[in-house]
Amino acid sequence: MKKGKRGLRTFCIFTLIFFIRGMGWATAEEVIFNKGFEDGEFEWYNWNDGESSGNIESSQFRSGSASACREIYGVGMGCYGQIISVNPGQTLEVSAWVNNPSSDVLTDSAEVFLRVEFWNDNEPLGSGHSESRHIKGVTEGWVKLDVSARVPRGATEARILAFNKGTKPSSRGKAYFDDFELIVSSGQ
């Protein structure tokens, strides 16, 4: 094949791929923003109930220059979250890196994890949620958490959550979340 024809063929293939992805026919796409919290809380919401808090830290990070710190200091729960639009039948694959340093060890039922919740236009669905394994103590560095969830019928959005929870008045500790990834697959 001549050089000019190869270039035209490559252009046509890339144009077709771009068109297909733009029409939503692609098998997977990356849809999370500000994955490493370098832009602070931009695109993330910070929800807290009870004795829980969250803030963006530059003292701990896996890459870049920041991470999201989740702290528990008694009975409570909270999260950093992003909301994405979804369609039933899609599969969400979420991962993030978490660090619970020995200086802020999670104790007495304090824990952190990734959580995916499915909502309709008004409220969470009764079909539940999916969670990664729970970190309940020192991680000795950054560890990767992941969770996979299939979008149920009736869901219009998913909430991707860096979650913390304490169930006792003596629950304590901090953990840091960084480098989120989210892949949405069509499931077909």
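All figures in this text were calculated on a predicted structure; none of them were measured in a lab.

1. Observations concerning the overall build of the protein chain
Part 1: If you tally the helices and strands in the protein chain, you get 1 helix and 9 strands.
Part 2: Going from the N terminus to the C terminus, the protein chain shows its helices and strands as α-β-β-β-β-β-β-β-β-β.
Part 3: Per-residue burial over the protein chain gives 41% buried out of 188 residues.
Part 4: When contacts within the protein chain are restricted to residue pairs at least 6 apart in sequence, long-range pairs at least 24 apart make up 77% of them.
Part 5: Entry remark: accessible area of the protein chain is about 10200 Å², with carbon and sulfur atoms responsible for 51%.

2. Structural notes on the side chain of Thr91
Part 1: With respect to the helices, strands and loops of the structure, Thr91 is situated in strand E4 (residues 91-99).
Part 2: Excluding anything up to four places from it in sequence, Thr91 contacts Ser148, Ala149, Arg150, Ile183, Val184 and Ser185.

3. Brief notes about the environment of Tyr80
Part 1: Within the fold, Tyr80 resides in strand E3 (residues 67-85).
Part 2: Here the alpha-carbon distance between Tyr80 and Arg159, two residues 79 residues apart in the chain, equals 9.8 Å.
Part 3: Here Asn55 takes part through its backbone nitrogen, which lies 3.1 Å from a polar atom of the side chain of Tyr80.

Quick notes on the rules
Starting from 1, residues in each chain are numbered consecutively following that chain's sequence as written. Per-residue local features of the predicted model are confined to residues with pLDDT of at least 70, and side-chain atom pairs are confined, for both listing and counting, to 80 or more; whole-chain, interface and lining totals are unaffected and use all residues. Side-chain metrics in this entry use all non-hydrogen atoms of the structure; hydrogen atoms and water are not considered. To qualify as a helix, a DSSP run of H or I must reach at least 4 residues; to qualify as a strand, a run of E must reach at least 2; elements of each kind are numbered from the N terminus. Relative accessibility thresholds used throughout: buried, under 20% of the residue-type maximum; exposed, over 50%; partly exposed, between the two (1.4 Å probe, protein chains only). The contact definition used throughout considers only heavy atoms, calling two residues in contact when any of these lie within 4.5 Å. Computed with a 1.4 Å probe, the accessible areas rest on the Shrake-Rupley method; for each residue, only the protein chains presented here act as cover. Under this definition, polar contacts are N or O atom pairs within 3.5 Å; protein pairs additionally need one hydrogen-donor-capable and one acceptor-capable atom, and for neighbouring residues in sequence, both atoms have to be side-chain atoms.

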